[in-house]
Amino acid sequence: PDSIDVGNVNFNIASVMFDQGHEGAAIPWLQRTLTIFDRVLGGASLKTASVLCMLGDSRRLTKDYREAEGPLKRCADIREADGGIENPDLAEALHSLALVYQAEGKMSLAEPRFKLAEKIRENTLGITSPVLAQTMEDHAVLLKQMGRDQEAQRLLTLASAIRKNQAKGK
């Protein structure tokens, strides 16, 4: 039960469930995988980080924000320690964590994570990335909630330009 093969099979099952929109059903498989990976690979493994991020995202998407926060923070910490700050996987974790903080009403914690995720995505994926546009749009929603409409509009304008550029390229 503690083999890497069993952990990988559990993770694959969870990934299929997650990808098909059954995030809640994926959670038990992810928890089993996490137990195995923590024991076999250690708490600082990138495979462990992948499980943590998917577990956090599953909890976020099922609106269990309090339970989503810990795995996403731990995932971000592992990814930053392994790949540094210029790491698209870190940006993914930060973006998800910012969404959780926003849902919890922790605006002062969400805002810097959105900013950092934007900066990382701009530097690693480029200014025309649709993933960057999504991060800007999500950040703009937060800024509007914070009463910072002018900053929000600037981000929405940039995101819109990225989306228009995408549409032209198709």
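All of the points below concern the structure found in this document. Residue positions are counted from 1 within each chain, in the order its sequence is given. Two thresholds apply to this predicted model, a pLDDT of at least 70 for residue-level local features and 80 or more for giving and counting side-chain atom pairs, whereas whole-chain, interface and lining totals are computed over all residues. Excluded from the side-chain calculation are hydrogens and water; included are all heavy atoms of the structure.

1. Regarding the packing of helix α4 (residues 65-83) against helix α5 (residues 88-103)
Packed helices, taken two at a time, are described by their axes: the angle between them and the distance between them. All axes are obtained by fitting lines to C-alpha atoms, using only the stretch in contact for helices, and the reported angles, taken between N-to-C directions, cover 0 to 180 degrees. In this description a helix means any DSSP run of H or I spanning at least four residues, a strand means any run of E spanning at least two, and both kinds are numbered starting from the N terminus. Running from N to C, α4 and α5 cross one another at 155 degrees; their axes reach a closest spacing of 9 Å. Taken together, the axis directions place α4 and α5 in an arrangement best described as roughly antiparallel. Crossing of α4 against α5: the hand is left-handed. Here α4 contributes Y65, A68, E69, L72, K73, C75, A76, R79 and E80 to the contact with α5, which in turn contributes D89, L90, E92, A93, L94, S96, L97, V100, Y101 and A103. For the contact of α4 with α5, the residue count by class is 12 nonpolar, one polar and six charged. Put simply, angles under 35 degrees are roughly parallel, angles over 145 are roughly antiparallel, angles from 65 to 115 are roughly perpendicular, and the rest are oblique. Crossing handedness is read from the near helix: turned anticlockwise from the far helix by less than a right angle, it gives a left-handed crossing, and turned clockwise, a right-handed one. Every residue pair with non-hydrogen atoms within 4.5 Å of one another is taken to be in contact. Any residue outside Ala, Val, Leu, Ile, Met, Phe, Trp, Tyr, Cys, Pro, Asp, Glu, Lys and Arg is labelled polar, Gly included; the first ten of those are nonpolar and the last four are charged.

2. Section: the packing of aromatic side chains
Any Phe, Tyr or Trp ring, taking Trp's six-membered ring, that has another such ring centre within 6.5 Å forms a pair; planes under 30 degrees apart are called stacked, those over 60 apart edge-to-face, and the others tilted. For the coordinates displayed, the defined rule picks out zero aromatic pairs. Its end group placed over the ring of W29, R32 keeps NZ or CZ at 4.5 Å from the ring centre. Charge over a ring is defined by NZ of Lys or CZ of Arg lying within 6 Å of the ring centre and within 35 degrees of the ring normal.

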